[in-house]
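Fold and contact review
Take a look at the letters that make up each chain.
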Amino acid sequence: MKFDTPATTNPIDQGKVIGHPTSRIEGPLKTTGQAPYAYEHHNVAPNQAYGVVVGSAIAKGRIASMNLEAAQSAPGVIAIVTAANAGKLGQGKYNTAKLLGGPEIQHYHQAVALVIADTFEQARAAAERVDVTYTSTDGTFDLANSRESAVEAKEQMADTLHGDFETAFAAAPVQLDATYTTPDQAHAMMEPMASMAAWNGDRLTLWTSNQMIDWSVTDLATTLGIPKKNVRLISPYIGGGFGGKLFIRADAVLAALGARMAGRPVKVALARPLIFNNCTHRPATIQRIRIGAASDGKITAMAHEGWSGDLPGGKVELAAQPSKLLYAGENRRVTMRLSTLDLPEGNAMRAPGETPGMMALEIAMDEMAEKLKLDPIEFRIINDTQVDPVKPDRPFSQRHLIECLRTGADRFGWNQRHAQPATQRDGRWLIGMGVAVAFRNNLLVKSGARVRLNDQGIVTVETDMTDIGTGSYTIIAQTAAEMLGVSLDNVVVRLGDSSFPVSAGSGGQFGGNCSTAGVYAACVKLREAVAQRLGVNADEAEFVGGEVRAGGKSMPLRNAAQSGEIVAEDSIEFGELSKKYQQSTFGAHFVEVAVDSATGETRVRRMLSVCAAGRILNPTSARSQVIGAMTMGVGAALMEDLVVDKRLGFFVNHDLAGYEVPVHADIPHQEVIFLDETDPVSSPMKAKGVGELGICGVSAAIANAVYNATGIRVREYPITLDKMLDQLPPMI
Ligand code: MOS
C-alpha cells in the first residue's frame, strides 16, 4: 500500500482497541521467565558450547604476537577464533570498525579472539590465558584538541546557511554566545549483546538480541561472505537496545564463526565490562550557540555549530540539527564538524543528534530569555513557527508546541516559580523550576507484515518488527484487533524473525507508527479476502464482534477460513508527503529540583512531560516510553559520563558500577500528558513516535531548574556537584 495522500477516516478511527490503555500482551511471559532472551535459547539446538570474547588491550596499533597454547590446552577448550584463522571477512554496512580485529587494532576492547569451551566457566578461564602482545601507535583521543582538524560530513549534514547570520547577529540588541559540552554516553541497556549460532550445512541460524533484523541479516551475510538467504535471525525478546543493538556486534559474528569452527552451536554474550568499549556509544559533543534577538524577543539570528568525533570512516553526531527547524528566525547558520578520533565507535543512541543538541539548545534558550527579561515559556512561544523556517511553503504537518507549553505550565504550577534565581529555599535545599522543549523528527520507513486468519477465528500477525521493551507486540495486536473486529485474545503476534516480512524495525522512534501501518496494510488485504468469501465488497463490509457483516448478511470470521487459512501480506510505503510537510513530534518538559546548599547535590523532585505526537496507540506503553526517556534524561543531566583516558584512549568507567545511571531512589514523581491529536499525514494510523521525543530536552529542563535554584549555570554536562561547589550561594 502506497501512502501518498493524507489519511481519511478508516477502521482505526473506531478506537475500540487502539488508543485504550493496554497492558503488554507478552508481559506474563516476561514476568514468569518464560520469554527467552538471546542467551536463553537453551532448547532450540543441542550440544551448545560457550564462547568468551577477548578484547584488545590497546586502542590503536597492531597485534605483535598471539600465543594461544596455554588457552588451547586449558580444560574443555574446543577452538579459538582469531583474525588469523577466521578466513576473509567482509565489512558490514552498519559498522565502522571491524567486529573481529587483528592484526590491525582500531579501538580499545575491539574483539581479537573468541575462546570456545564446553562450559562458560572453562571458556572464561581459558580466555584469561590468551597471551597477546601489541605494538601501540599514538592515537587521537581528545575531541577539544582535535577541533581544528574537524571537517564537514556533507553526506550526513551539509551546512545550513540561510540569510546573513554574522551581520544580523552583530546588529542584534540582545545577544548570547555560549559553548556547551555533552560527554560520551553509553546505552547501558539491561540485556547485554548476546547471540547463539547454529549451522545446518551452509545455513546459519542466529538467535540474538537485535533491533533491526533485516539490516543485521544483510551485515551478517556480508561479513561472513555468504548469501543473505542462508542467514536466519531470530530475536523475539530484547532486553533494551537504545540504539546499541541497531546492528550486529562482535557476539553475532564470533558466534557464527565459532559455531562453524567448533562444529556445534555456540553462544556468546559480551561481558558487561567489555560492552562499553567494544560496542558503540553516543559521541561527546562541543556546541557553540549564538542567538541574536530584537528587544521584543524575536530571534533574528541563530547559529548552532557543533563538533563531534569518530573513528576514521565514522559518523558525526548531528547535534546541531534541531536548530534547523525548531525556532523561527531569518538568519541562521547550522553546522556540524567531524574529528577523527581513535576512541571506540560512535553511533546512534536514543534520539541521536537531538538528545545532545537539545541539551545545549534548550539551555541557550533559557539564557537568552533571561537576557531579554522574558519568561522562558513566553520567549519560546514568541519564536514558534508553523513552517520550516527556511522553507516557508513547507508547513509542519502538525505542531502543537505552544499547547504543550501552556498545558504543562498550567498543570505544573509554573506560576509558582521565582523568576529570580536562588531565592527559594526549603530548609537547606535550594529549590528551582526549569522548562525545556522536546523536539524530534518523525521518520517514515517502509514496513511489511503478513496476517493469517484460521478456522478458529484466530488472527496471527507475522513481521520481523522487534519489541525492545517498547510495547510493539501490544500495539500490533491492537491494530489487528481493530482492523478485523476481534478481541485482543484472538490475536497472536509473532515478531523478530527474518523469515517474516521485512518491517521498519525498532529505530529512530519510527517503529511504532510504521510497523503498525504495515500491519494495517496487510489487514486491509485480509479484509478484502474475507469480504470476498461473503460475496461482498470490502468497502461495504463491517468487521465487528468476530464477524464480517454487509448488506444484511453476516458470517463469523472462523467460517470464512473454514476451507483453509486465509493469508494476506502487504507493506506500507511512504510517498512524497514528507517532502510537502515537515513531520515532527513536540513536547514540553517541566522539572523541579532541590539542590543541597552545602554539598551541591541535586535531587529531582517533580517532573512533567506534555507530548504532542499524533495518535497515541496505547497510552500505557507510550507513557512507559516517556517516563523511561525522562529517567534517561535525568541520567544525562546529572550522572552519565564515559570518562576518556586521553593517554591510552579508552572509556575508564566501563561497567555499571562506574557508569552511573538513575536508580529508583533518584526518580521522583513523574507525570505524562499526551495531547489529543491525530496526524493524517504520518500514516493511516495517524500516529507518531514518542520513545525518543521523551528524552529530548529533559536534561536541559533540569539544568535550567538547577540554575533557577542556585544561580549557577553549568554548561558542561553532567551537572555534578564539583561544578557547583565553589559557587553555591551562602547558607542562611
Ligand atoms: Mo534508535 S538510537 O534509532 O534505537
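Right, let's walk through the structure included here. (Residues numbered from 1 in each chain as written. Predicted model: local features only at pLDDT ≥ 70, side-chain atom pairs only at ≥ 80, totals over all residues. Heavy atoms only, no water.)

**Thoughts on the environment of Ser-499**
The residue Ser-499 is located in the loop between strand S23 (491-494) and helix H12 (511-534) in this model. Judged by relative accessible area, which is 40%, Ser-499 ranks as partly exposed. Setting aside its immediate chain neighbours within four residues, Ser-499 contacts Arg-232 and Arg-450. (Helix = DSSP H or I, 4+ residues; strand = E, 2+ residues; numbered from the N terminus. Buried < 20%, exposed > 50% of the residue type's maximum accessible area, 1.4 Å probe, protein only. Contact = heavy atoms within 4.5 Å.)

**A short note on the packing of helix H8 (residues 354-371) against helix H16 (residues 698-710)**
The contact between H8 and H16 brings their axes to 8 Å, and the two run at 35°. The two elements H8 and H16 cross, and the hand of that crossing is right-handed. Counting all contacts with H8, which are made through Met-358, Met-359, Glu-362, Ile-363, Asp-366 and Glu-370, the residues of H16 involved are Ser-699, Ala-700, Ala-703, Asn-704 and Tyr-707. Considering only residue class, the contact of H8 with H16 consists of six nonpolar, two polar and three charged. (Axes fitted to C-alpha atoms, helices over the stretch in contact; angles between N-to-C directions. Left-handed = near helix turned anticlockwise from the far one by under 90°. Nonpolar A, V, L, I, M, F, W, Y, C, P; charged D, E, K, R; others polar.)

**A look at the environment of Val-174**
In this structure, Val-174 sits in strand S9 (residues 174-182). Spatially, the C-alpha atoms of Val-174 and Thr-205 are 62 Å apart, while their sequence positions differ by 31 residues. In contact with Val-174, not counting residues within four places along its chain, are Ile-291, Gly-292, Ala-293, Met-368, Lys-371 and Leu-372.

**Examining the nonpolar core**
In terms of nonpolar packing, the biggest core is built from 87 residues, with Ile-291, Leu-326, Phe-590, Val-593 and Ile-702 touching the most fellow members. For this core, the element with the highest residue contribution is helix H15 (residues 619-638), accounting for 10 residues. One finds Val-17, Val-548, Ile-566 and Val-681 within the second-largest nonpolar core, a separate group that totals 62 residues. (Core = buried A, V, L, I, M, F, W, Y, C linked by side-chain atoms within 4.5 Å.)

**Focus: the sheet that holds strand S7 (residues 131-136)**
Reading across from one edge, S5-S3-S7 is the order of the three strands in this open sheet, with antiparallel pairing throughout. With one partner strand each, in any of the chains shown, strand S5 (104-105) and S7 form the two edges of the open sheet. Of the pairings in the sheet, the one linking strand S3 (residues 61-67) to S5 comprises two bridges and is antiparallel in character. By the bridge assignment for S5, Arg-62 is matched with Glu-104. (Pairing = 2+ DSSP bridges.)

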